[in-house]
Amino acid sequence: MAIFCVSYDCHKVRDDQAFRTALEEAGGVRLLDSLWLISLDWTAVELRDAVMVHLDSDESLVVLELDPSKSWATARAREEGTEWLRQNIP
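Below: a short report on this structure. Every value quoted in this text rests on a predicted model; they were computed, and no experiment measured them.

Regarding the side chain of Thr82
Phase 1 of the analysis: Within the element layout of this structure, Thr82 appears in helix α3 (residues 79-88).
Phase 2 of the analysis: On the accessibility criterion, Thr82 (7% relative accessible area) is buried.
Phase 3 of the analysis: Engagement of the side chain of Thr82 in a polar contact is seen with the side chain of Thr74, the distance being 3.5 Å.
Phase 4 of the analysis: Excluding residues within four positions of it along the chain, Thr82 makes contact with Leu31, Trp72, Thr74 and Ala77.

Okay, here's the thing in structure tokens:
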């Protein structure tokens, strides 16, 4: 399983509920308002393609695979995201 960080920018005011629901249903959790964490048996390209269908054509997306052997730190992040990091990248 690979661990990913997914971040997006909505350049216009819009409803991103479909995007958030798609990530939640796949097991993702929010660390910040537009920063998600997810563990899947996919590549970054596969994840990007799967979630892009839920964004408008002018919105930006980045998918980064995280190295679970590296350290991490948060400050004032969402507790559910921080707990997810504790469990998945000890």
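Some thoughts on the environment of Leu61
Phase 1 of the analysis: One can find Leu61 in strand β4 (residues 60-66).
Phase 2 of the analysis: Residues Leu61 and Tyr8, spaced 53 residues apart in sequence, show a C-alpha to C-alpha distance of 4.3 Å.
Phase 3 of the analysis: If we ignore the near neighbours within four places in the chain, the residues touching Leu61 are Val6, Ser7, Tyr8, Phe19, Arg48, Val51, Met52 and Leu55.

Focus on unusual backbone geometry
Phase 1 of the analysis: Here Arg76, not a glycine, exhibits a phi torsion of approximately 55°, which is positive.
Phase 2 of the analysis: By secondary structure assignment, the location of Arg76 is in the loop between β4 and α3.
Phase 3 of the analysis: According to the relative accessible area criterion, Arg76 is exposed, its value standing at 83%.

Thoughts on the pattern of salt bridges
Phase 1 of the analysis: Scanning all chains against the criterion turns up six salt bridges.
Phase 2 of the analysis: Across the salt bridge formed by Glu80 and Arg78, the nearest N and O atoms sit 3.7 Å from each other.
Phase 3 of the analysis: One salt bridge in this structure joins Glu79 and Arg86, with 3.1 Å as the shortest N-O distance.
Phase 4 of the analysis: Since its relative accessible area comes to 42%, Arg86 is described here as partly exposed.
Phase 5 of the analysis: One connected set of salt bridges, linked through shared partners, spans Asp33, Arg78 and Glu80.

Concerning the nonpolar core
Phase 1 of the analysis: Phe4, Val6, Phe19, Leu23, Trp36, Ile38 and Leu47 are the most contacted members of the largest nonpolar core, which totals 13 residues.
Phase 2 of the analysis: At the level of secondary structure, the elements contributing two or more residues to this core comprise β1 (2-9), α1 (17-25), β3 (35-40) and α2 (44-52).
Phase 3 of the analysis: For this core, the element with the highest residue contribution is β1, accounting for four residues.
Phase 4 of the analysis: Excluding anything up to four places from it in sequence, Val6 contacts Phe19, Leu23, Ser34, Leu35, Trp36, Ile38, Leu47, Leu61, Val62 and Val63.
Phase 5 of the analysis: In terms of nonpolar packing, the next biggest core, distinct from the first, is built from nine residues, Ile3, Leu31, Leu37 and Ile89 among them.

Basis of the calculations
- Residue positions are given per chain, counted from 1 along the sequence in the order it is written.
- Only residues with pLDDT of 70 or above have their local features reported here, since the model is predicted, and side-chain atom pairs are shown and tallied only from 80 upward, although totals for entire chains, interfaces and linings are computed over all residues.
- Side-chain measures were taken over the full set of non-hydrogen atoms in the model, leaving aside hydrogen atoms and water.
- Where helices and strands are cited, they refer to DSSP runs of H or I of at least four residues and of E of at least two residues respectively, numbered from the N terminus.
- Each residue is placed in one exposure class: buried if its accessible area under a 1.4 Å probe, protein chains only, is under 20% of its type's maximum, exposed if it is over 50%, and partly exposed if it falls in between.
- The term polar contact refers here to a pair of N or O atoms within 3.5 Å; inside protein, the definition further demands a hydrogen-donor-capable atom paired with an acceptor-capable atom, and it admits residues adjacent in sequence only when both atoms are side-chain atoms.
- Residues are treated as being in contact if the distance between any of their heavy atoms lies within 4.5 Å.
- Within this document, salt bridges are pairs made up of a side-chain nitrogen of Lys or Arg and a carboxyl oxygen of Asp or Glu, the two lying within 4 Å of each other.
- Here, nonpolar core means buried Ala, Val, Leu, Ile, Met, Phe, Trp, Tyr and Cys residues that are tied together by side-chain atoms lying within 4.5 Å of each other.

The values are spatial; any link to function lies outside them.
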